[in-house]
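Coordinate inspection notes
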Amino acid sequence: MSDRIFGAVGLFIAILFAWSATQIQESFLSDAVGPKAFPIIIATILGLASGAIMLRPDPNPTWPALGRLTEILAAIVVMLLYAQLLPELGFVTATALASAYLTWRLGSGPLQSVIIGICTSIGIYTVFHLVLGLSLARGPFGF
Amino acid sequence: MDMLSSLGDGFAIALTWQNIGLALLGCFLGTIMGALPGLGPSNGVAILIPLAFTLGLGPTASLILLTSVYYGAMYGGRISSILLNIPGDEPAMMTCLDGYPMAQQGRAGEALTLSGIASFVGAFFATWGLILLAPQLVKVALLFGPAEYFALFALAFATLGGVSSTNQAKSAFAAMLGLGLAMIGVDTQTGVPRFTYGEVHLYDGIDFLVAIVGLFALSEVFIFLEHRHGSADAAGKKIVVGRLTPSWSVLKKCTPTMLRSTVLGFLAGVLPGAGASLGSFIAYSMEKKLVDRDGTFGKGDPRGVAAPEAGNNAAAGGALVPMLALGVPGSGTTAVLLAVLLALNITPGPLLFQNNPDVVWGLIAALFIANFMLLAMNIPMVGLFTRVLMVPPRILMPVVAMVSFVGIYGISGSSFDLMVMVGFGVLGWVLRKFDVPLVPVILGTLLGNQMENNLRRAVTISNGDWTTLVDSALSIGLWTVAVVGFLLPIFVGGMVRRRMRRAGDEEGSIRD
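Residues numbered from 1 in each chain as written. Chains lettered and ligands numbered in written order. Predicted model: local features only at pLDDT ≥ 70, side-chain atom pairs only at ≥ 80, totals over all residues. Heavy atoms only, no water.

**Overview of the confidence of the model for chain B**
All names here are of chain B. This is how it is decided: Scored from 0 to 100, pLDDT reflects the predictor's confidence in each residue. In this text, helices come from DSSP runs of H or I with a minimum length of four residues, and strands from runs of E with a minimum of two, each type numbered from the N-terminal end. Residues count as neighbours in contact if any of their non-hydrogen atoms are within 4.5 Å of one another.
Per-residue confidence for chain B gives a mean pLDDT of 83, with 91% of residues at or over 70. Mean pLDDT values over the elements of chain B span from 77, in helix 20 (residues 473-503), up to 92, in helix 18 (residues 415-433). This model gives residues 505-512 a pLDDT under 50, and the stretch forms 35 contacts once residues within four places in sequence are excluded.

Dropping the structure here:
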């Protein structure tokens, strides 16, 4: 069943992709093929492959229980927040928070998580910024 | 002779303190990454690319660092296979079969040394194979025009799923997804934006480094979160290494096995879509057929350890041949290495040997040096690497995630790229759940624009006549191989797959 849905989504993407390809503005200076042809070929094969997946599905993958799924969703949200807050908070603070969260969700104790988070962040900062000289996001405190 | 003098020049390039240091670092990190279950050669190299890039290393230096990681991971994979019966990466799957029984009999040290030597033999001769074969392939490739290149790319995609793919439709889906992603951005030939939907950040296209790190490294973090697999696999198990030196008689018995496996592994590596996992599998099964007269394979036969290790390391060397000579990688990790070259503005393929001989030969010399380093590291210092297995993923995985973010942020300094990377991480997780291979997605993103350019060039040269694509004998040949390579696995693939499945069950579509 999962595969049928997957195939249907793939087919939808293929149609969307093909439609978007037809919307591409042609330049007056175009080569013999133009910017549309190759995307349309891709969309066609994508559609065929999706169709094949839909018609001949593999056995269902084992989906995680709802709890685990929320776990992953929460991690995604944390990572997106990290991406946004990195320039605001500075590398060390943001990384300490994010890695403390991740290690906590992977089974470290609360206090341990804080310590691991801070150590990870300072460790990466030391290796990559102080030793290797990579420029990392600066926050209000300059690190 | 020409070849030897080029190789000599290569050694002159590779033997600077910086390059030796990088090779040493790469070997060390690679072995660790290979040893840790969950981090394989492709994610290991993927995480380190942005770093090599932001550190401002030159092309030769970056390649030396990253191929050392690649070779190192091939060595490291065996450690957890032998000690814990958990393959450190997919190619090391077959090593479990005889390695773990040997460890149970108290011969873990012997198995580790033996497999270390086998890895060395495999990688050493495969590097010679690379030197001999790649220039010949370059000669053929110089005959290629745009139409032939287009056919060659098609061949790479058609065969990438290969005999071990579970579902060819899904391989095709993955390849088209990658190609589709490559189309995003301003069209290089006419300058019109495509699939950008007005988002300025997308005008440059999607950075393939972002895609690679997201798909490989971040998706791994999600997999660990899904299973809440936080404690070390080694926790609670007592690791006893024991005596390290195998007896001469064992070594002697294993020598023909290693040599045969090296040849097979190398061939499996050169062929598109096969890669190291298949190399070790073929090597093991063939040795089993040939020399297993008393039925000792699977019960701790030293030859059963030597064969897959020689096979997968030889395949790793073999896989570099099409990547360097044609610019078309045949496996996941070489696809990632190709990304490095492209990111450094070096066009791989036949011209690489003419325009950047320093890169090619420096790399090959570095492979020899790295191989000796790895032998030295992996036999006397193997105890150090077994300690690494005690690091629990609950500490390791956040580090992997954070290092990935650091690398990508270091390149562009943009939050947008980080968000895209998270998106790719999720996509990678979903695709892995559906058993869709990730390597074609990467390869599509990498090669999409080149493939399209070759198509457009070919058709434009012939004034819009599309039949030019199948006009020469060479391109017809390539198309035939592509079609056969795509259809064959549908019929015979099931058989090979079932055997590999029986040999060991493994989640994950990251294959090498």
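**A few points about the domain arrangement of chain A**
Applied cut-off: Either an automatic procedure or a domain database provided the assignment from which the domain bounds are taken.
In terms of domains, chain A is made up of domain 1 (2-55) and domain 2 (66-131). The C-alpha-based centres of domain 1 of chain A and domain 2 of chain A are spaced at 38 Å.

**Quick notes on the packing of helix 6 (residues 108-141) of chain B against helix 15 (residues 357-378) of chain B**
All names here are of chain B. Let me state the cut-off plainly: Think of each axis as a best-fit line through the C-alpha atoms, taken over the contacting stretch in the case of a helix, with angles from 0 to 180 degrees between the N-to-C directions. For classification purposes, angles smaller than 35 degrees are called roughly parallel, those larger than 145 roughly antiparallel, those between 65 and 115 roughly perpendicular, and all remaining angles oblique. Note on residue categories: nonpolar means Ala, Val, Leu, Ile, Met, Phe, Trp, Tyr, Cys or Pro, charged means Asp, Glu, Lys or Arg, and polar means any other residue, Gly included.
As a packed pair, helix 6 and helix 15 sit with axes 10 Å apart at the nearest point and diverge in direction by 170°. Considering the angle they form, helix 6 stands roughly antiparallel to helix 15. Along the contact surface, helix 6 presents Gly116, Ile117, Phe120, Ala123, Phe124, Thr127, Trp128, Leu130 and Ile131, while helix 15 presents Trp361, Ile364, Leu367, Phe368, Asn371, Phe372 and Leu375. Across the contact of helix 6 with helix 15, the residue classes tally to 13 nonpolar, 3 polar and no charged.

**With respect to unusual backbone geometry**
All names here are of chain B. Selection criterion: Each residue gets one of three labels from its accessible area relative to the maximum for its type: buried under 20%, exposed over 50%, partly exposed in between, using a 1.4 Å probe on protein chains only.
A positive phi angle is found at Asn345, which is not glycine, with a value near 65°. Of note, Asp435 is a non-glycine position whose phi angle comes to about 65°, a positive value. By the secondary structure assignment, Asp435 is in the loop between helix 18 and helix 19 (439-461). Residue Asp435 is classed as partly exposed on the basis of its relative accessible area of 31%.

**What about the pattern of salt bridges?**
Proximity of charged atoms lets side chains of opposite charge pair with each other. Residue and element names in this part refer to chain B. Quick note on the threshold: The rule for a salt bridge is simple: a side-chain nitrogen of Lys or Arg has to be within 4 Å of a carboxyl oxygen of Asp or Glu.
All told, the structure shown has 13 salt bridges over all chains when counted by the stated rule. Residue Asp187 is joined to Arg194 by a salt bridge in which the shortest nitrogen-to-oxygen separation is 3.7 Å. Residue Asp187 is classed as buried on the basis of its relative accessible area, which comes to 2%. Taking the relative accessible area as the measure of exposure, Arg194 reaches 2% and is therefore buried.

**Considerations on the interface of chain B and chain A**
This is how the line gets drawn: The term buried area refers to how much accessible surface (probe radius 1.4 Å) is lost by two components on association, counted for both of them together. Residues adjacent in sequence count toward polar contacts only when both atoms are side-chain atoms; beyond that, a polar contact is any pair of N or O atoms within 3.5 Å, and within protein one must be able to donate a hydrogen and the other to accept it.
Each partner contributes residues to the interface: chain B has 63 residues there, and chain A has 69 residues. Both sides of the chain B and chain A interface together cover about 5600 Å² of buried area, and 79% of this is carbon and sulfur. Among the residues chain B hides against chain A, the three largest losses belong to Leu225(B), Arg394(B) and Met402(B). Together they make up 12% of the total. Taking the shortest distance from any N to any O, the salt bridge between Lys170(B) and Asp58(A) comes out at 3.0 Å. The tally of links between chain B and chain A comes to 10 residue pairs in polar contact (both at pLDDT 80 or more). Contributing elements (two or more residues each) for the side of chain B that touches chain A: helix 3 (41-54), helix 8 (168-183), strand 2 (193-194), helix 9 (208-227), helix 17 (393-412), helix 18 and helix 19 of chain B. Of the residues belonging to the side of chain B that touches chain A, the class tally is 42 nonpolar, 12 polar and 9 charged.

**Some words on helix 13 (residues 332-343) of chain B**
Residue and element names in this part refer to chain B. For clarity, the threshold we go by: A helix is expected to span 1.5 Å for every residue after the first.
Taking 1.5 Å of rise per residue, the 12 residues of helix 13 would be expected to cover 16 Å, and the 17 Å separating its terminal C-alpha atoms lies within 8% of that figure. The element helix 13 is extensively covered by neighbouring structure, given that 12 of its 12 residues are classed as buried. Looking only at helix 13, the buried set comprises Gly332, Thr333, Thr334, Ala335, Val336, Leu337, Leu338, Ala339, Val340, Leu341, Leu342 and Ala343. Close packing links the buried residues of helix 13 with helix 3, helix 4 (59-84), helix 9, helix 12 (302-326) and helix 19. Asn345, located one to two residues past helix 13, shows a positive phi value of around 65°.

**Some points on the packing of aromatic side chains**
Quick note on the threshold: Between rings of Phe, Tyr and Trp, where Trp is taken as its six-membered ring, a pair exists when centres lie within 6.5 Å; planes separated by under 30 degrees are stacked, by over 60 edge-to-face, and by other angles tilted. Working rule: Lys NZ or Arg CZ, within 6 Å of ring centre, within 35 degrees of ring normal, means a charge sits over the ring.
Summed over the entire model, instances satisfying the criterion amount to 22 aromatic pairs over all chains. Relative to Phe124(B), the ring of Phe120(B) has its centre 5.6 Å away and its plane inclined at 20°; by these criteria the two rings are stacked. Of this pair, Phe120(B) and Phe124(B) are both found in helix 6, 4 residues apart, which corresponds to roughly one turn of the helix. Chaining the aromatic ring pairs together yields one cluster made of Phe11(B), Phe120(B), Phe124(B), Phe125(B), Trp128(B), Phe368(B) and Phe372(B). The ring of Trp104(A) has Arg105(A) sitting right over it, with the charged end atom 4.4 Å from the ring centre.

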